[in-house]
Structure formats: structure tokens, C-alpha cells
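Topology and contacts: notes
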Amino acid sequence: MTTAHEIHSIRVDGLPLRMDETYLFQCFHDNAKVLAATVLRHWRSGVPLDFGFVEFASQSDAEFVLESYHGERMPNTDHERRFCLS
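What comes next concerns the included structure. (Residues numbered from 1 in each chain as written. Predicted model: local features only at pLDDT ≥ 70, side-chain atom pairs only at ≥ 80, totals over all residues. Heavy atoms only, no water.)

1. Overview of the overall build of the protein chain
For clarity, the cut-off: Helix and strand definitions follow DSSP, with helices as H or I runs of at least four residues and strands as E runs of at least two, each counted in order from the N terminus. C-alpha atoms define the radius of gyration, and 2.2 Å times the number of residues to the power 0.38 defines the globule rule. When accessible area is computed with a 1.4 Å probe and restricted to protein chains, residues below 20% of their type maximum are described as buried, those above 50% as exposed, and intermediate ones as partly exposed.
Secondary structure summary: the protein chain contains two helices and four strands in total. Listing the helices and strands of the protein chain from first to last along the sequence gives β-α-β-β-α-β. Whereas a compact globule of 86 residues would reach a radius of gyration of roughly 12 Å, the protein chain reaches 13 Å, a difference of no more than 12%. Within the protein chain, the proportion of its 86 residues that are buried is 33%.

2. Thoughts on helix H2 (residues 59–69)
Keep this limit in mind: In this description, the arc belongs to the directions extending from the helix axis to the C-beta atoms. We call two residues contacting when some pair of their heavy atoms lies within 4.5 Å.
If you check which residues of H2 are buried, you get Asp61, Ala62, Val65 and Tyr69. For H2, the arc enclosing every buried residue in end-on projection is 100°, short of the 170-degree limit, so these residues lie on one face. Those residues of H2 that are buried lie in contact with strand S1 (9–13), helix H1 (21–28), strand S3 (48–56) and strand S4 (84–85). Within two residues after H2, Gly71 carries a phi angle of roughly 85°, on the positive side.

3. Concerning the nonpolar core
Proteins that are soluble and globular tend to have nonpolar side chains buried together. Let me state the cut-off plainly: We call a set of buried Ala, Val, Leu, Ile, Met, Phe, Trp, Tyr and Cys residues a nonpolar core when their side-chain atoms join them within 4.5 Å.
Of all hydrophobic cores here, the largest spans 20 residues; its most connected members are Phe28, Val54 and Phe56. Of all the elements in the fold, those that place two or more residues in this core are S1, H1, strand S2 (34–41), S3 and H2. Sorting elements by how many residues they give to this core places H1 first, with four residues. Leaving out residues up to four positions away in the same chain, Phe56 has contacts with His8, Ile10, Phe28, Ala32, Lys33, Val34, Leu35, Asp61, Ala62 and Val65.

Laid out in C-alpha cells, this is it:
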């Protein structure tokens, strides 16, 4: 049973500008149940900002991703970018 105090989302910082919601969703969906992924955008230009949020089905999924992926290399990036999760 979930309670109102359980946290199901994590913040992902340091996203390359070309990464979108589909990219975020695909990064985690193989190992946790992802409900939604959002990349924030500049309110005027619509250009993606360098961070977003991923919502999971449970707190345990969010904790698993936070513990397993933080500091790991982001897939399909040109640089040695690493996940910065909180």
C-alpha cells in the first residue's frame, strides 16, 4: 500500500540538450516501472533545459534507480556524461 509521503520521482540533471522524454523513459524502463518522464523546457523558446524528472510506479523503483544509476554513464551520448540523480 502506498502512502502520500512516499516519493516516486527522481530528478535527472546534466541532460544533453537533444535528449527528450523518450530518451529518459528508455534509460530506466528495462529495470523499473516508469510512469512518466518529463524534460523541462524554457518557457519562451521551448528549448529543452538540462534536467528533467522521471516518475516511477513505486518508491522502491525510484530508490533502485537512484542507487543503481547515479554516477553511471548515460547511454547514447557523445561525451562521458554520467547520470546525476536526486
